[in-house]
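# Observations on the model geometry
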Amino acid sequence: MKVLMIGAGDIAKSHARAVEKLGGEIVGAFDVSENALKSFKKEFYCDVISYEQIPEYVEKADYAVISTPPTKRLDYVEMVLSKHVPLYLEKPIATTLEDAEKIVAMAKQYDAKIIVGFAHRFRPAFVKMYDMVKSGMFGEPVNVFSYRVGAGFGYGKNNAMYGNSWRTDPKLACGMTIESVSHEFNLLTSLAGEFDTIACNVKGTISNVPQFDTNSTMVMRCKNGAVASIMTSWSSGAGANLKGYIGTNGSILLRGRNMFEFDSLTYKTVDMDHEESITFNDSYDLNKDEVIYHVHVYFQDCLKNNKPVEIGGLSEGMKVLKLSNAALKSAKEQKTIALGDYYTL
Ligand SMILES: NC(=O)c1ccc[n+]([C@@H]2O[C@H](COP(=O)([O-])OP(=O)(O)OC[C@H]3O[C@@H](n4cnc5c(N)ncnc54)[C@H](O)[C@@H]3O)[C@@H](O)[C@H]2O)c1
């Protein structure tokens, strides 16, 4: 399929590699940074286009990928959707509910087909965990959790880890709770259902960018009565990832060497004598392209076969942003937030 890239930074290259691996081509790439475009053009044979050319190139594409910083998207979303071209929108869909609502309104106006980049939801280790949980073998949810720590943007001497990024630019920063915990909300609610309450604390580690929280820890109660928790940090040189589902009839753990590694599943039901494990060695650190690839496989299947986007559509993007906002409100006001019907658009 023919794909237009709006934003040609780091993750855009993984998107472009996925498109090419699937036999498709990049028809054009736009970015505000000449350096980013130069680097993109070195690897991908495509037209490098100006802002004014975007509408013309949207028309040449089977879908567009927007991977600009999440505060810089509304005009691009309008340019894509108004031409009735499907959209792969990177998460988080926006940083404010106001912007997100504008995107939802545009999606309704143009009857848009959108997938949001909740890529971890499509990784084989998580898909296996999800399928086993949904088979009922572990029973009803009792306790679900995600703990992941590692060195993220802003880690290290002079906050230098990964160099300059929109993430630590005071004008563009949104923080970890909005950018990255979005994945955990997506994964845990898929396993255990929607949350009823949330209580959170955050801590930033860069004094001149207070909104850039690099540590986010929270507890939730699920609507079905299960308890849930998330603990994430970008401030740890040592890395680890542990996600779990503890049910009334057994439990399953997803373990990783570092914060985004999905190495193995270990599980045991009350009827099993011993726990069993399945090894995946699915590494985001070593092969980010493969992680993004799975989402393109799914999205292209939806587009080619005219199927609805049932996993990771725009309503999931909106729901997760509402959860991030509620978590930050809880941290700011130091109280537990009752979520009500946050998940209905
Ligand atoms: N799903 C995932 O697993 C995953 C992984 C990494 C990043 N992301 C998301 O992708 C998005 C981009 O992240 P990244 O790591 O590629 O960042 P990045 O900084 O590497 O790339 C962003 C690009 O956007 C460009 N840009 C900035 N302002 C722009 C504007 N107004 N118009 C056009 N281009 C503009 C920058 O020049 C840069 O090249 C973020 O929302 C991030 O959360 C998702």
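Cut-offs used in this document
- Sequence order as written defines residue numbering, which begins from 1 separately in each chain.
- In keeping with the model being predicted, local features are shown solely for residues with a pLDDT of at least 70 and side-chain atom pairs are shown and tallied solely at 80 or more, while totals for entire chains, interfaces and linings include all residues.
- Excluding hydrogens and water, the side-chain values take into account all heavy atoms of the structure.
- Side-chain rings of Phe, Tyr and Trp, where Trp is taken by its six-membered ring, are said to pair if the distance between their centres is within 6.5 Å; with planes under 30 degrees apart they count as stacked, over 60 as edge-to-face, and otherwise as tilted.
- Only protein chains enter the accessibility calculation, which uses a 1.4 Å probe. A residue is then buried if its area is under 20% of the maximum for its type, exposed if over 50%, and partly exposed in between.
- Helix numbering and strand numbering both begin at the N terminus, where a helix is a DSSP run of H or I of at least 4 residues and a strand a DSSP run of E of at least 2.
- A ring has a charge above it when a Lys NZ or an Arg CZ is no more than 6 Å from the ring centre and no more than 35 degrees off the ring normal.
- Any residue with a heavy atom positioned within 4 Å of a molecule or strand is treated as near that molecule or strand.
- In protein, a polar contact requires one atom able to donate a hydrogen and another able to accept it; more generally it is a pair of N or O atoms within 3.5 Å, and residues adjacent in sequence count only if both atoms are side-chain atoms.
- Surface accessibility follows the Shrake-Rupley procedure with a 1.4 Å probe radius. Residue values consider only the protein chains on display as shielding.
- Each residue gets one label: Ala, Val, Leu, Ile, Met, Phe, Trp, Tyr, Cys and Pro are nonpolar, Asp, Glu, Lys and Arg are charged, and the others, such as Gly, are polar.
- Segmentation into domains, and thus their bounds, comes from an automatic or database assignment.
- For every element, the axis is a line fit to its C-alpha atoms; helices are fit only across the contacting stretch, and the angle between N-to-C directions ranges from 0 to 180 degrees.
- Any angle that is under 35 degrees is reported as roughly parallel, and any over 145 degrees as roughly antiparallel; angles of 65 to 115 degrees are reported as roughly perpendicular and all others as oblique.
- The handedness criterion is simple: a crossing whose near helix is rotated anticlockwise from the far helix by less than a right angle is left-handed, and one whose near helix is rotated clockwise is right-handed.
- The contact rule is simple, with two residues in contact once any of their heavy atoms fall within 4.5 Å.
- In this analysis, strands are considered paired if DSSP registers two or more bridges between them.
- By convention a crossover is right-handed if, when the strands point away from the viewer, the path from the first strand over the helix to the second runs clockwise.
- Take a side-chain nitrogen of Lys or Arg and a carboxyl oxygen of Asp or Glu: if they are within 4 Å of each other, that pair is a salt bridge.

## Points about the packing of aromatic side chains
- Under the criterion given, the structure shown has 14 aromatic pairs.
- Between Phe 40 and Phe 44 the ring centres are 4.6 Å apart and the planes differ by 35 degrees, which places this aromatic pair in the tilted class.
- Looking at Phe 40, the relative accessible area reads 0%, which means it is buried.
- The exposure class of Phe 44 is buried, given its relative accessible area of 1%.
- With centroids separated by 5.9 Å and ring planes inclined at 35 degrees, the aromatic side chains of Phe 212 and Trp 234 adopt a geometry described as tilted. With Phe 212 in the loop between β8 (195–204) and β9 (213–222) and Trp 234 in the loop between β10 (227–233) and β11 (235–247), the pair connects residues that are 22 residues apart, well separated along the chain. As far as burial versus exposure is concerned, Phe 212 and Trp 234 are alike and both buried.
- Taken together, the aromatic side chains of Phe 30, Tyr 51 and Tyr 76 make up a single cluster linked through ring pairs.
- The ring of Tyr 293 carries the charged tip of Lys 21 above its face, separated from the ring centre by 4.1 Å.
- Directly above the aromatic system of Tyr 57 lies the positively charged group of Lys 60, at a separation of 4.1 Å from the ring centroid.

## Topic: the site of the ligand
- Taken together, the neighbourhood of the ligand is formed by 24 residues, with Asp 10, Asp 31, Arg 73, Tyr 76 and Glu 179 sitting nearest.
- Contact distances for the ligand include 2.6 Å between an oxygen atom and a side-chain N or O atom of Asp 31.
- Between the ligand and the protein, one listed contact pairs an oxygen atom with a side-chain N or O atom of Arg 73 at 2.8 Å.
- For the ligand, whose free accessible area comes to 840 Å², the fraction covered by protein is 86%.
- Taken together, the residues that form the shell around the ligand break down as 10 nonpolar, 6 polar and 8 charged.
- Domain assignment of the residues forming the shell around the ligand places at least three in each of domain 1 (2–112) and domain 2 (120–286 + 312–338).

## Comments concerning the packing of helix α8 (residues 181–192) against helix α10 (residues 314–333)
- Closest axis-to-axis distance for the α8/α10 pair is 9 Å, and the angle between their directions is 115 degrees. One element, α8, and the other, α10, form an angle in the roughly perpendicular class. Considering the relative orientation of α8 and α10, their crossing is right-handed. The residues of α10 that touch α8, namely those facing Ser 182, Phe 185, Asn 186 and Thr 189, are Glu 316, Lys 319, Val 320, Leu 323, Ser 324 and Ala 327.
- Along the lines of polarity and charge, the residues of the contact of α8 with α10 split into 4 nonpolar, 4 polar and 2 charged.

## Some points on the sheet that holds strand β5 (residues 87–89)
- Ordered in space as β3-β2-β1-β4-β5-β6, the 6 strands form an open sheet in which the pairing is parallel. The sheet is open, and its two borders are formed by β3 (47–48) and β6 (114–116), each paired with just one other strand.
- Both strand β1 (residues 2–6) and strand β4 (residues 63–66) contribute to a ladder of 4 bridges, which runs parallel. Residue pairing across strands places Ile 6 opposite Ile 66, the latter belonging to β4.

## Some words on the environment of Ser 235
- Checked against the element boundaries, Ser 235 lands in strand β11.
- Looking at Ser 235, the relative accessible area reads 30%, which means it is partly exposed.
- Linking Ser 235 and Gly 9, residues 226 residues apart in sequence, is a C-alpha distance of 23 Å.
- Once you skip the residues sitting within four places of it in the chain, Ser 235 turns out to touch Gly 150, Tyr 155, Thr 205, Thr 214 and Asn 215.

## Some thoughts on the pairing of β4
- Burial along β4 is two-sided: Tyr 63 and Val 65 and Ala 64 and Ile 66, pointing in opposite directions, are all buried.
- For the crossover from β4 across helix α4 (residues 74–81) to β5, the handedness is right-handed.

## Some points on the pattern of salt bridges
- In total, this model carries 19 salt bridges according to the counting rule given.
- A salt bridge links Glu 43 to Arg 17; the shortest N-O distance between them is 2.6 Å. With Glu 43 in helix α2 (residues 34–43) and Arg 17 in helix α1 (residues 10–21), the pair connects residues that are 26 residues apart, well separated along the chain.
- The exposure class assigned to Glu 43 is partly exposed, which follows from its relative accessible area of 38%.
- The class for Arg 17 is partly exposed, based on a relative accessible area of 29%.
- For the salt bridge of Glu 194 with Lys 319, the shortest nitrogen-to-oxygen distance reads 3.3 Å. Here Glu 194 is found in the loop between α8 and β8, whereas its partner Lys 319 is found in helix α10, with 125 residues between them in sequence.

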